[in-house]
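# Summary of structural features
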Amino acid sequence: MYPMWTQSWPIAELQQLDRESRKILKENGGYHPMGTTDLLYLPKKFGGRGLKSVESTYKNIKVKTAIKLYANEDPTMRMVREFEEKCERTGRRSLKKDTERYASERGLYLKLSYPCPTANTEEGEELPGEKVGVMMMIKEEESKTKEVRQQKWQGKLIEARWDDADVIGCFSWLCRWKTAPTHTVVGVYELYQQLLPSKIYQQYKTKTSNDTDVKCRMCGKAMESVPHVLSGCSALAQSKYKTRHDAALKVLFFDLLCDMGLIESAPSWCSPETPKPEYKNDRASAFWDVPVYAEKTEVRANWIDARVVDKQKKKVLLLEMSCPWMTNRKQKEEEKTSKYAPLRREIRQQYPHYKIAQYNIIIDVLGGVSRKTLDSIKELVGVRADKILLDIQKAVISSALNIARSFKVLTAQDL
């Protein structure tokens, strides 16, 4: 084995290594055959897979090596610089010439001069040598991002996620969920790239169906697409969607019960245990999916998801959960707030000296969270908010994949 910076490898061979690595991923179920390649090489914080490209790594290392060579004040390095410059003058392959070409591919123009090598960006900004390596990676990420944006089918939902200023930490689970199963990660990317075998996908993307009817085979009411299957199908509303809803909300509910001393410990997010309708002790009482019977106000929407009455702090916490499509989070938030306004008035009359607070936990079907929802969870559980949010995301994502798998089974039966 030799360090990469000491070798001069043909770029074609490095590109072949990258192709072979992608082939291995596909053959072992780690990468959808129709998936976009650029998304593989983006960092996880941007929604990519975080795969390292051998070609890009080689080029970045070569550029860093050249900069270190020209910034090194060791007298013995002068002979190396002179040798590389002579190779360039005589038309032979040289480190200096190669690195200038590699940098120019990323929009950087190297100035390799001893003892202060620099680089200029396309915008005219001059960078000191020590910042060139970081800028090379930034430029590469920008290039990959641009390629994903240009893919109108696979890149549509990813682009919408990037441009959503309200969402926060939607890809954080990729970094924080260290034990996420491979099929979970692959399944989420399949949904983000709209590769679910829906009628819309087969009609307009793969063009493998001659059937002009693109109505949902389960409900027959709307076009069969990824958004419809995951959040808009009436045939799944009281089964799969309800299961997802309860699995996500019970994570927060159990934590609050534990905090109030109503249970000894909170079960894992993946536990099949379901909350009981009612919990009581001297400090608090809690209700899960129990209606509030109005005594003084006409209330039509009286079935709040969960509520906790804290007798010590004189608070009534109303919890309402929803898992809408990516673009419907704000609409669902407003809908929940206005829908339960009469109920809040009724509870305020039932508990005249208590503070009434409704918390809308809105997490979209692919795990996206708004800043307002994050603030609500922080207000409820304090420093445990990040862990609780991650567990809720796990529950929502796992449920979305369960819906997708059930849909695939149904489509396979129709073939």
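Whatever comes next refers back to the structure up there.
Residues numbered from 1 in each chain as written. Predicted model: local features only at pLDDT ≥ 70, side-chain atom pairs only at ≥ 80, totals over all residues. Heavy atoms only, no water.

## Remarks on the packing of aromatic side chains
What counts here: Under the pairing criterion, centres of Phe, Tyr and Trp rings, with the six-membered ring standing for Trp, must be within 6.5 Å; the plane angle then separates stacked pairs below 30 degrees from edge-to-face pairs above 60, leaving the rest tilted. Numbered from the N terminus, helices here are DSSP runs of H or I no shorter than four residues, and strands are runs of E no shorter than two. The rule is simple: take the accessible area with a 1.4 Å probe, protein chains only, and divide by the maximum for that residue type; under 20% is buried, over 50% is exposed, in between is partly exposed.
Enumeration over the complete set of coordinates arrives at nine aromatic pairs. Seen in terms of ring centroids, Trp9 and Tyr58 are 6.0 Å apart; in terms of plane orientation they differ by 40 degrees. Their pairing is tilted. You can see Trp9 sitting in the segment before helix H1 (11–27) and its partner Tyr58 sitting in helix H3 (residues 54–71), a full 49 residues away along the chain. For Tyr58, a relative accessible area of 1% translates into the label buried. Among the aromatic side chains, those forming a connected cluster through ring pairs are Trp9, Tyr58 and Tyr102.

## What to know about the nonpolar core
Short version of the rule: Nine residue types can take part in a nonpolar core, namely buried Ala, Val, Leu, Ile, Met, Phe, Trp, Tyr and Cys, and a core is a set of them joined through side-chain atoms within 4.5 Å. Throughout, a residue-residue contact means that at least one pair of heavy atoms, one from each residue, lies within 4.5 Å.
Membership of the largest hydrophobic core comes to 37 residues, with the highest contact counts inside it found for Trp173, Leu191, Tyr192, Leu196, Leu230, Trp325 and Leu366. Top contributing element to this core by residue count: helix H16 (residues 385–414), with seven residues. Excluding residues within four positions of it along the chain, Leu196 makes contact with Glu190, Leu191, Tyr201, Val226, Val229, Ala404, Phe407 and Lys408. Counting 35 residues, the second largest nonpolar core, distinct from the first, contains Ile263, Ala306, Val381 and Ala385.

## Brief notes about a nonpolar patch on the surface
Our working rule: Put simply, a patch holds well-exposed residues, over 30% relative accessible area, that have no salt bridge, with like charges counted together within 9 Å and Val, Leu, Ile, Met, Phe, Trp or Tyr side chains within 5 Å. Residue exposure ignores everything except the shown protein chains as possible cover, and the areas themselves are Shrake-Rupley values with a 1.4 Å probe. Counted as salt bridges are all cases of a side-chain nitrogen of Lys or Arg within 4 Å of a carboxyl oxygen of Asp or Glu.
On the surface, Val134, Met137 and Ile138 cluster together into a nonpolar patch covering about 230 Å² of accessible area. Its location among the elements puts Ile138 in helix H6 (residues 132–149).

## Quick word on unusual backbone geometry
Residue Pro115 follows Tyr114 across a cis peptide bond; omega there is 5 degrees. Residue placement: Pro115 occurs in the loop between strand S1 (108–111) and strand S2 (118–121). If you check the backbone angles, Gln194 has positive phi at about 55 degrees while not being a glycine. Residue placement: Gln194 occurs in the loop between helix H9 (182–192) and helix H10 (199–205). Despite not being glycine, Lys207 shows a phi value in the positive range, around 55 degrees.

No statement about biological role is implied by the geometric values presented.
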